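Chain by chain, the residues:
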Amino acid sequence: KAGVTQTPRYLIKTRGQQVTLSCSPISGHRSVSWYQQTPGQGLQFLFEYFSETQRNKGNFPGRFSGRQFSNSRSEMNVSTLELGDSALYLCASSLEYEGQGARRNEQFFGPGTRLTVL
Amino acid sequence: KNQVEQSPQSLIILEGKNCTLQCNYTVSPFSNLRWYKQDTGRGPVSLTIMTFSENTKSNGRYTATLDADTKQSSLHITASQLSDSASYICVVSEGYGGATNKLIFGTGTLLAVQP
């Protein structure tokens, strides 16, 4: 099976612009989560989509939004970019299964999109 | 406040040596704990995932332990290799074991294995 793919891998934008990032989950995975990773803050949860619906949301401003399509592919959009939005944006798809009496959602991460805002 | 703290922040060891990374958490309710390995410029890769009833889980040269009473976990790496150089991230899932719970991430331990 192919892994999680993200496009583009690298992106350079200027302040005030908007950007759309794309994520294709592993085939059969219906959950897609987005994370922002910066050197100072580590990994921070943005939001999670399941069956085209936002199921969970982190503490990010409304400039960050996302959506999921019927084929489980997901996009993330950031409007009015700020310098502080420069980060590695990671997407993870989740396989939800029962194992040893507990329900788990093991996440598989993509390679990320490196966004630089100038 | 739910938090995950990792120590040390960074670690340098010689190839072939063992090392142990620590993770303390104050997440409640606790669902499960995961360890990820992240190579520079790449997405994290899952090493182990443990629920509260599991004390230890191995994945090759990686062995994770969990003490749900003291809310501590450790990741032990045996006979380190140069390819073990990476950031190791501890992640605790908050919730009641449902399909999707809030994930609390540690800031990671940066491990450098030197020849």
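Residues numbered from 1 in each chain as written. Chains lettered and ligands numbered in written order. Predicted model: local features only at pLDDT ≥ 70, side-chain atom pairs only at ≥ 80, totals over all residues. Heavy atoms only, no water.

Visitor: Help me out: how do you make sense of the state of the cysteines in this one?
Guide: What we call a disulfide is simply a covalent bond connecting the sulfur atoms of a pair of cysteines. One pass over the full model with this rule turns up two disulfides over all chains. The residue that forms a disulfide with Cys23(A) is Cys91(A), at a sulfur-sulfur distance of 1.7 Å. Taking the torsion about the S-S bond as the criterion, the Cys23(A) to Cys91(A) disulfide, at about -50 degrees, is left-handed. In this pair, Cys23(A) is assigned in strand S3 (residues 19-24) and Cys91(A) in strand S9 (residues 87-99), connecting sequence segments 68 residues apart. Side by side, Cys23(A) and Cys91(A) carry an identical accessibility label, which is buried. Through a disulfide, Cys23(B) is tied to Cys90(B); the S-S separation comes to 2.0 Å. (Disulfide = S-S within 2.5 Å. Helix = DSSP H or I, 4+ residues; strand = E, 2+ residues; numbered from the N terminus. Buried < 20%, exposed > 50% of the residue type's maximum accessible area, 1.4 Å probe, protein only.)

Visitor: Is there a simple way to think about the side chain of Ser33(A) in this case?
Guide: All names here are of chain A. Within the secondary structure, Ser33 is located in strand S4 (residues 31-38). Residue classification places Ser33 among the buried residues on the basis of a relative accessible area of 2%. Here the side chain of Ser33 touches Gln107 through a polar contact of 3.2 Å, side chain to side chain. When residues no more than four places from it in sequence are discounted, the contact partners of Ser33 are Phe45, Phe47, Glu48, Leu90, Cys91, Ala92 and Gln107. (Polar contact = N/O pair within 3.5 Å; in protein donor to acceptor, adjacent residues only side chain to side chain. Contact = heavy atoms within 4.5 Å.)

Visitor: Quick question: what am I supposed to make of the pairing of strand S1 (residues 4-7) of chain B here?
Guide: Walk down a regular strand and you will see the side chains alternate between the two sheet faces. Residues and elements named next belong to chain B. The alternating pattern of S1 places Val4 and Gln6 on a buried face, while none of Glu5 and Ser7, on the opposite face, is buried. Pairing between S1 and strand S3 (residues 19-25): four bridges, direction antiparallel. Bridge pairing in S3 places Glu5 opposite Asn24. (Pairing = 2+ DSSP bridges.)

Note that every value here comes from positions in space, so none of it alone points to a role or purpose.
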